[in-house]
Each structure stands twice: as C-alpha cells, then as structure tokens.
Amino acid sequence: MRGRWVLETTGSGVWKAGCVVLGLMMTAACRENRTGNRPTGVEVPRPMLAAQRSGTDVLLQSVSAVDSLVVWVGGHGATFVRTIDGGRTWQPGVVSGPDTLQFRDVHVVSADTAYLLSTGPGDMSRIYKTSDGGMSWELQFTNQEPRAFFDCMDFWGSSHGIAMSDAVDGQLVLITTADGGRNWTRVAPTSLPVALDGEGAFAASGTCVETRPPGYAWIGTGAGGAARVFRTEDRGATWSVFDTPIVSGTATSGITTLAFHDEHRGLALGGELSSPDAFADNVAVTDDGGRTWTLGGRPSFSGAVYGSALVPGSEGPIVVAVGPKGASYTLDRGTTWLRLDTLNYWSVDFAGPNAGWAVGPNGRITRVGFAK
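Residues numbered from 1 in each chain as written. Predicted model: local features only at pLDDT ≥ 70, side-chain atom pairs only at ≥ 80, totals over all residues. Heavy atoms only, no water.

1. Notes on empty space enclosed by the protein
No. 1: Applying the stated criterion to the full structure yields one cavity of 30 Å³ or more.
No. 2: Roughly 30 Å³ of volume is contained in the largest cavity.
No. 3: Leu49, Val320, Val322, Ala327, Leu340, Asp341, Tyr345, Val348, Ala358, Thr366 and Val368 together form the lining of the largest cavity.
No. 4: Taken together, the elements giving at least two residues each to the lining of the largest cavity come down to strand E27 (319–323), strand E29 (338–341) and strand E32 (365–371). (1 Å grid on protein atoms, 1.4 Å probe; cavity = no way out; pocket = protein on both sides within 12 Å on 5 of 7 lines; lining within 4 Å. Points joined across faces, edges and corners; volume = space filled by probe spheres on them. Helix = DSSP H or I, 4+ residues; strand = E, 2+ residues; numbered from the N terminus.)

Here it is as structure tokens:
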C-alpha cells in the first residue's frame, strides 16, 4: 500500500496538510517525518503533496514553473499542459506535427511564452516556441544530423539559450541562441573538450543542462567511461570538463540532472538507469563551480534520480530529487535525504517553498510544498 503527506484545497482555496492512513498502513512520508534520518540541528519542514488533474494520460517528462500560478509541462504524444491558476485547472494541448514527438524539456518565460524541446534521433530532435499561450507553435529548430540526439536545453533570461545533444564524432553537439530562438547556431566543436567514447546525456527530465546568470552553464553527462560535468562561464563560447564520482562506466549510467544554488554550489545526480532496485553512488556535490566534486548521500529511493530542483526561498536551501522509485529532499546540500514520496516521477520544478510540481507517467502532476 502507498500513502503520503497530502495537501488538500478547501472550498475557499486555502490549503491544509494532513497525515493520511491508507488501509492499515501509515503513509511512508508520515513515517519518515517521525523516524527518518534528519540533519542535526536543522528544523525539518513538513512536505505537503496534492494530486492534480492534468487532463491527459501520457507520460509527462518535463516541467517549468514561472511563479505560484503559471506552470507548463511537456510530455509524450506531442502533448503539453499549462496552468495559470496554480494547478486548480490544467489545459492540455497537442503541438501540430508528428504525434510521436516527446517533449522531454520545457522552458517557460511567461504565461504566454514557452519553449518545448522534442528529443529523439535525427529530425525528431526539435525546438518549438509559442508566444500565445500554446494556441500556435513555431518550429524554430530541426536537427539535421542523423546521429545527433538532443537531450536538454536551458536559457539565460528570455533571449539567450542553449541546447545539447549526445556526442557525434567525438564532440558534444551544442547550439545556442541570442535572439529568443529565431536563430540557433552550433557551438564550434573546437571550443569543446573531446568527448569520451559513447558520451552523452540522458533525456530524462530536461535538467541535464543548468544555466546561471550572467553566462554560467553546466552539462551533466554519462554513458561513457566517466560521469562528467562540462562547464562554461561565457554562454557557451568556451568549455572545460571535470570528472565526478557518480557511478558510471556503462551506457546507462552517469549524470541525469543538475541543481545549482549559485555559480559556486551545486549538485549533480543520476545513477544506473538499468538497475531500478539498486542503491548506488548517485549524488555529487561541488563548492567551486563544478571544478571538483565529492560524493553526497543517497536519496531514500532506489534506482536512478531522473530530475531535481532547488526550492527558491527555502532554508538550506531545499533540493528535491525524483525518479521512478520515488522522491526525496535534502536540507543540507545532499549530505542526508528525507523521503518525500514513493510514486513514480520523472521531473520536478519549484517557483517557491509552497509552489512546486512533480510530474510523471499516466498524466501525473503533484503539487509540492514545504511548511514549517
């Protein structure tokens, strides 16, 4: 049986939290908050979860929150979902084109403007943009390299962005824009460190690329001989690369997601995707902008971490990690982890301590908040 902290909405729109018992078993989150491994000297906030109705049953694989009201979600079957009222109502839609498109990354600028990255081999890797709330979509980029497979994208503000593909001919394929996506230009391969054999990223949640102003970006990789982080300070013009201690060495292991607090402090998370029931070294921590990495603690759930997100405005700050086997959160930058949920999630994002959303299979959308 499964259970969790739940967050309910009363008729007046005020949220309330409670500990729920399903059948004869106390919920996992309630048990964890009574007996879980807590960081010493830290007040543990109470997580609150609320299932929301997405209006679709496809796998939802990416999520981007503008604020406590505006959230966009990307999914399979060329599907996107949007809310402008914090998830009380969601409006699903389908982008015109192949119905096999998988929107594994979404980046939101406002209630009306958003980007979707469809991932896949060859011309299935595409970038779409809407400026009218999803009523229409402009196809901005179509990959013409049949061996490329785009995984993630991110933006520095509303105009400057970057997207990345697995390596081709020994180099990651990176494209950038400086005009809101009207033009995407490939970063010169000579400015990138040589890729390892088979190296690439994992299109799990749209968070294998992380940007920070004014021009920082990090890319987490795997599927080669090491789990590495590529780093730039100049919006992708030049790059360096550094090893991490995250489990690696197979085609299905390495870094899947990054969560940076600022230009110095961050987490890299991932694992072995082919071993969903195993625990492994799948969290690494940096204090110097990604140049050196040390192992962190393991999340409460087994298998790989697929997505992660910093909780803006939280003490710690809180970072949430999700995967097919559950969800966890840390208050001490990855040293210790507390159980958040046991359901299957692929991606998560936050606009604030009480404004987060985790998404997953069968149209799953869960609103997440943390209360003192």
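2. Structural notes on the sheet that holds E27
No. 1: In space, the four strands of this open sheet follow the order E26-E27-E28-E29, with antiparallel pairing throughout. Strand pairing shows two members of the sheet lacking a second neighbour, strand E26 (307–310) and E29, which therefore form its edges. Ignoring strand direction, the axes of neighbouring strands in this sheet form an average angle of 25°.
No. 2: Two strands pair when backbone bridges link them, and strand E28 (residues 326–330) and E29 are joined in this way by three bridges, in the antiparallel orientation. (Pairing = 2+ DSSP bridges. Axes fitted to C-alpha atoms, helices over the stretch in contact; angles between N-to-C directions.)

3. Regarding the pairing of strand E8 (residues 79–83)
No. 1: When you tally the buried positions in E8, you get five out of five residues, the bulk of the element.
No. 2: With four bridges joining them, strand E7 (residues 71–75) and E8 adopt antiparallel strand pairing. Considered in E8, the bridge of Val73 is made with Val81.
No. 3: Between E7 and E8, which pair antiparallel one after the other, the connecting turn spans three residues, and Gly77 there sits at a positive phi close to 65°.
No. 4: Direction of pairing for E8 relative to strand E9 (residues 91–94): antiparallel, over a ladder of four bridges. The residue bridging Arg82 from the neighbouring strand is Gln91, located in E9. (Buried < 20%, exposed > 50% of the residue type's maximum accessible area, 1.4 Å probe, protein only.)

4. A closer look at the pairing of E28
No. 1: The element E28 is extensively covered by neighbouring structure, given that five of its five residues are classed as buried.
No. 2: In E28, alternate side chains face the same way, and those of Gly326, Ser328 and Thr330 on one face and Ala327 and Tyr329 on the other are all buried.
No. 3: In this structure, E27 lies alongside E28, joined through five bridges in antiparallel fashion. Bridged to Val320 within E28 is Tyr329.
No. 4: Hairpin connection between E27 and E28: a loop of two residues separates the two successive antiparallel strands.

5. As for the nonpolar core
Nonpolar side chains tend to gather and get buried jointly when the protein is soluble and globular.
No. 1: Membership of the largest hydrophobic core comes to 19 residues, with the highest contact counts inside it found for Val320, Tyr329, Leu340, Phe350 and Phe370.
No. 2: Contributing elements (two or more residues each) for this core: E27, E28, E29, strand E30 (347–352) and E32.
No. 3: The next biggest cluster of nonpolar side chains, apart from the first, holds 15 residues, and it includes Cys152, Leu174, Leu192 and Ala217. (Core = buried A, V, L, I, M, F, W, Y, C linked by side-chain atoms within 4.5 Å.)

6. Some details on the sheet that holds strand E31 (residues 355–359)
Pairing between sheet strands relies on hydrogen bonds along the backbone, with the strands arranged either parallel or antiparallel.
No. 1: The sheet built from four strands is open, its strands ordered E5-E32-E31-E30 with antiparallel pairing. Two strands in the sheet have a free side with no partner beyond their single neighbour: strand E5 (46–52) and E30. Adjacent strand axes in the sheet meet at a mean angle of 20°, parallel and antiparallel pairs treated alike.
No. 2: Here E5 pairs with E32 via seven bridges, running antiparallel. Bridge assignment links Pro47 to a residue of E32, and that residue is Phe370.

7. Digging into the packing of aromatic side chains
No. 1: One pass over the structure, following the stated rule, counts 13 aromatic pairs.
No. 2: Ring plane angle 25° and centroid distance 6.0 Å describe the contact between Trp72 and Phe80, whose orientation is recorded as stacked.
No. 3: For Trp72, a relative accessible area of 0% corresponds to the buried category.
No. 4: In this structure Phe80 comes out as buried when scored by relative accessible area, which is 5%.
No. 5: Seen in terms of ring centroids, Phe103 and Tyr128 are 5.9 Å apart; in terms of plane orientation they differ by 85°. Their pairing is edge-to-face. Of this pair, Phe103 sits in strand E10 (residues 103–108) while Tyr128 sits in strand E12 (residues 126–130), placing them 25 residues apart in sequence.
No. 6: Here the aromatic residues Tyr216, Trp218, Phe260 and Trp293 are joined through ring pairs into a cluster of three or more.
No. 7: If you follow Arg364 out to its NZ or CZ, it ends over the ring of Tyr345, 5.9 Å from the centre. (Phe/Tyr/Trp six-rings, centres within 6.5 Å; stacked < 30°, edge-to-face > 60°. Lys NZ or Arg CZ within 6 Å of the ring centre and 35° of its normal.)

8. Some remarks on the environment of Asn282
No. 1: Of note, Asn282 is situated in the loop between strand E23 (266–272) and strand E24 (283–286).
No. 2: Judged by relative accessible area, Asn282 falls into the buried class, the value being 4%.
No. 3: Along the primary structure Asn282 and Val305 are separated by 23 residues, whereas in three dimensions their C-alpha atoms are 7.4 Å apart.
No. 4: Non-local contacts of Asn282, meaning those with residues more than four positions away in its chain, are made with Ile246, Ala268, Leu269, Gly270, Gly271, Arg298, Pro299, Gly303 and Val305.
No. 5: Within the local environment of Asn282, its side chain forms a polar contact with the backbone oxygen of Gly303, the two atoms lying 3.5 Å apart. (Contact = heavy atoms within 4.5 Å. Polar contact = N/O pair within 3.5 Å; in protein donor to acceptor, adjacent residues only side chain to side chain.)

9. Some points on the side chain of Ser328
No. 1: Mapped onto the secondary structure, Ser328 falls in strand E28.
No. 2: Under the relative-accessibility criterion, Ser328 is labelled buried at 0%.
No. 3: Side chain to side chain, Ser328 and Ser300 meet in a polar contact 2.5 Å long.
No. 4: Setting aside residues no more than four positions away along its own chain, Ser328 makes contact with Pro299, Ser300, Phe301, Val319, Val320, Ala321, Trp337, Leu338, Arg339 and Leu340.

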